[in-house]
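Letter by letter, the chains look like this.
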Amino acid sequence: GDLDKVVNLLLSLSGRLARVETALGSLGPHAPAEDKLALREKRRLLVAQLEDAKELKEHVGRREEVVGAMVARYLPAEHLQDYQHFVKMKSALIAEQRELEEKIKLGQEQLQCLRESL
């Protein structure tokens, strides 16, 4: 459960940071200084939060190793391999699911814009 939460947190923060950086990059030279300052501050906070989330992921990883060692004492080799594969794939599948959800959301937004333009 913690792995799910941390991976989702990392993905969320990364996405938000990318959107802020895109917004910063799209500001023209005549954009109000307050807008630039607000976006730079938001970027700074997101970078700090992302670093904290990475530390959390490392902590969860260390805890996962301890749990894995304990599980290894009780599971036969084939079940242990299944468990290890499950743990490895879980993060990748969460990231893939999140990416697909974002693509669906983007597609729905684009479809809505197309409908409005007709």
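About the cut-offs
- Residues numbered from 1 in each chain as written.
- Predicted model: local features only at pLDDT ≥ 70, side-chain atom pairs only at ≥ 80, totals over all residues.
- Heavy atoms only, no water.
- Domains from an automatic or database assignment.
- Contact = heavy atoms within 4.5 Å.
- Buried area = accessible area lost by both parts, 1.4 Å probe.
- Helix = DSSP H or I, 4+ residues; strand = E, 2+ residues; numbered from the N terminus.
- Expected span 1.5 Å × (residues − 1).
- Buried < 20%, exposed > 50% of the residue type's maximum accessible area, 1.4 Å probe, protein only.
- UniProt positions renumbered as here; feature names shortened; annotations may be inferred.
- Bend = angle between axes of the 7 residues up to and from the residue.
- Salt bridge = Lys/Arg side-chain N within 4 Å of Asp/Glu carboxyl O.

S.K.: Just checking my understanding: could you explain the domain arrangement of the protein for this structure?
M.R.: For interface size, the figure often reported is the accessible area lost on association. What the domain assignment reports for the protein is domain 1 (1-74) and domain 2 (77-117). With eleven residues of domain 1 at the interface, the matching set in domain 2 holds eight residues. The contact between domain 1 and domain 2 buries some 920 Å² in all, and 65% of this surface belongs to carbon and sulfur atoms. The three residues of domain 1 that bury the most area against domain 2 are L3, D4 and L11, which together make up 38% of that side's buried surface.

S.K.: Honestly, helix α1 (residues 2-26) in this entry has me stumped. Any pointers?
M.R.: Here α1 contains 25 residues, and its C-alpha end-to-end distance of 36 Å stays within 8% of the 36 Å for a straight helix at 1.5 Å per residue. All of the buried residues along α1 are L3, V6, V7, L10, L13, G15, L17 and V20. In the core, the buried residues of α1 are packed alongside α2 (33-74) and α3 (77-117).

S.K.: Could you clarify how one ought to interpret the UniProt feature "coiled-coil region" (unreviewed entry) in the protein in this entry?
M.R.: As annotated in UniProt, the feature "coiled-coil region" (unreviewed entry) corresponds to residues 90-117 in the numbering used here. Note that residues 90-117 is 100% helix and 0% strand, and that its end C-alpha atoms are spaced 40 Å apart.

S.K.: Just to check I follow, could you spell out α3 for this structure?
M.R.: Because each turn of an α-helix spans 3.6 residues, side chains separated by three or four positions in sequence point in the same direction. Along its 41 residues, α3 runs 60 Å from first to last C-alpha, staying within 8% of the 60 Å computed at 1.5 Å per residue. Of all the bends found along α3, the most pronounced is centred on M89 and spans about 30 degrees. Buried within α3 are the following residues: L80, V87, S91 and I94. The secondary structure elements touched by the buried residues of α3 are α1 and α2.

S.K.: How should I be thinking about the pattern of salt bridges in this particular structure?
M.R.: Charged atoms that come close allow side chains of opposite charge to pair. On inspection of all chains with the given rule, the structure shows six salt bridges. When the shortest N-O distance is used, the salt bridge between E51 and K54 registers 3.7 Å. In this pair, E51 and K54 are both assigned in helix α2, three residues apart and thus about one turn of the helix distant. In this structure E51 comes out as partly exposed when scored by relative accessible area, which is 41%. We classify K54 as partly exposed; its relative accessible area is 39%.

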